[in-house]
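Breakdown of the fold
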Amino acid sequence: MNWRRRPARENQYPRFDRIQTIFQGLLEKLSSFFEGEGSRLIIQQSEVSYINVILFDDGVPLRDWFTFINQSPLKLESLNAIFTEVVRSETNQPIARMSYELNSVVSVPERKPAVRLAITYRGKPAGETTISARDFLFTGRERIVRRFCELTSAKAHERWGRKN
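As the structure is a prediction and not an experimental result, all values here were calculated from the model. (Residues numbered from 1 in each chain as written. Predicted model: local features only at pLDDT ≥ 70, side-chain atom pairs only at ≥ 80, totals over all residues. Heavy atoms only, no water.)

**What about the nonpolar core?**
- Among the nonpolar cores identified, the biggest contains 25 residues, and Trp65, Phe66, Met98, Val115, Ile119, Tyr121 and Ile144 are the most heavily contacted of them.
- When residues of this core are traced back to their parent elements, those giving at least two are strand S1 (46–55), strand S3 (94–106), strand S4 (113–123) and helix H2 (130–151).
- In contact with Trp65, not counting residues within four places along its chain, are Ile54, Leu55, Phe56, Asp57, Val60, Leu151, Thr152, Ser153, Ala156, Arg159 and Trp160. (Core = buried A, V, L, I, M, F, W, Y, C linked by side-chain atoms within 4.5 Å. Buried < 20%, exposed > 50% of the residue type's maximum accessible area, 1.4 Å probe, protein only. Helix = DSSP H or I, 4+ residues; strand = E, 2+ residues; numbered from the N terminus. Contact = heavy atoms within 4.5 Å.)

**Notes on the side chain of Ser46**
- The topology assignment puts Ser46 in strand S1.
- Residue Ser46 is classed as buried on the basis of its relative accessible area of 8%.
- Setting aside its immediate chain neighbours within four residues, Ser46 contacts Tyr121, Arg122, Gly123, Pro125, Ala133, Phe136 and Leu137.

**Here's the deal with H2**
- With 22 residues, H2 extends 31 Å between its outermost C-alpha atoms, agreeing within 8% with the 32 Å of an ideal straight helix rising 1.5 Å per residue.
- Lining the buried residues of H2 we find helix H1 (15–36), S1, S3, S4 and helix H3 (154–160). (Expected span 1.5 Å × (residues − 1).)

**Observations concerning the environment of Lys75**
- Inspection of the secondary structure puts Lys75 in the loop between S1 and strand S2 (80–88).
- Taking relative accessible area as the criterion, Lys75 reaches 81% and is therefore assigned exposed.
- The sequence separation of Lys75 and Phe136 amounts to 61 residues, and the corresponding C-alpha distance is 40 Å.

**With respect to the sheet that holds S4**
- Read from one edge of the open sheet, four strands run S1-S4-S3-S2, paired in antiparallel fashion. On the outer flanks of this sheet lie S1 and S2, each paired with one strand and no other. Between one strand axis and the next, the sheet turns by 15° as a mean value, whatever way the strands run.
- As paired strands, S3 and S4 are joined by ten bridges and run antiparallel to one another. (Pairing = 2+ DSSP bridges. Axes fitted to C-alpha atoms, helices over the stretch in contact; angles between N-to-C directions.)

**Examining the pairing of S4**
- Buried residues dominate S4, accounting for eight of its eleven residues.
- Of the strand pairs in this sheet, S1 and S4 are connected by ten bridges, and their pairing is antiparallel. Opposite Tyr50, over in S4, you have Ile119 as the bridge partner.
- Linking S3 to S4, which pair antiparallel, is a turn of six residues; within it Arg111 sits at a positive phi near 60°.

**Thoughts on the side chain of Ser107**
- Within the fold, Ser107 resides in the loop between S3 and S4.
- Exposure remark for Ser107: the relative accessible area of 2% places this residue in the buried category.
- Leaving out residues up to four positions away in the same chain, Ser107 has contacts with Val53, Leu55, Lys112 and Ala114.

**Section: the pairing of S3**
- Relative to S3, S2 runs antiparallel, the two being bridged by nine bridges. Bridge pairing in S3 links Ile82 to Glu101.
- Linking S2 to S3, which pair antiparallel, is a turn of five residues; within it Asn92 sits at a positive phi near 70°.

**Quick word on the confidence of the model for the protein chain**
- Summary statistics for the protein chain give a mean pLDDT of 87 and a share of 90% for residues scoring 70 or more.
- Mean pLDDT across the secondary structure elements of the protein chain bottoms out at H3, with 86, and peaks at S2, with 95. (pLDDT = per-residue confidence, 0-100.)

The structure is reproduced here in structure tokens:
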């Protein structure tokens, strides 16, 4: 399930919990369909993504927004980066992969310079059931939110009015 802001319409962001509830209901219906056909739904991979478009204030350098960008003499016109990391369990077993995409964009409808930060948590849930998939998505969401806060600076949080 996806939600996307559309500038031509008023559509409030429904938040993860609401989307997850709708998604879980649809997933249970799909599972029931398979059972009705004498089969079962087997979930082998799940993913959750957060995509944020971050508007820049004029003249504020990237390092003031992101903790992983150090001082540079470059006056960047654009930036595009992709990086990944393996997420490990307490026993050091790989359980998921987080991928990060940072791209220069022009915001809509403001038509201002911005970056699009997409963070995805993807992997195999602990089991093959809808409940395992749900738990995996909740864990992924928690990790994404935590990582977003780590990657964005205190100055950015202050500008956004974010409370810890």
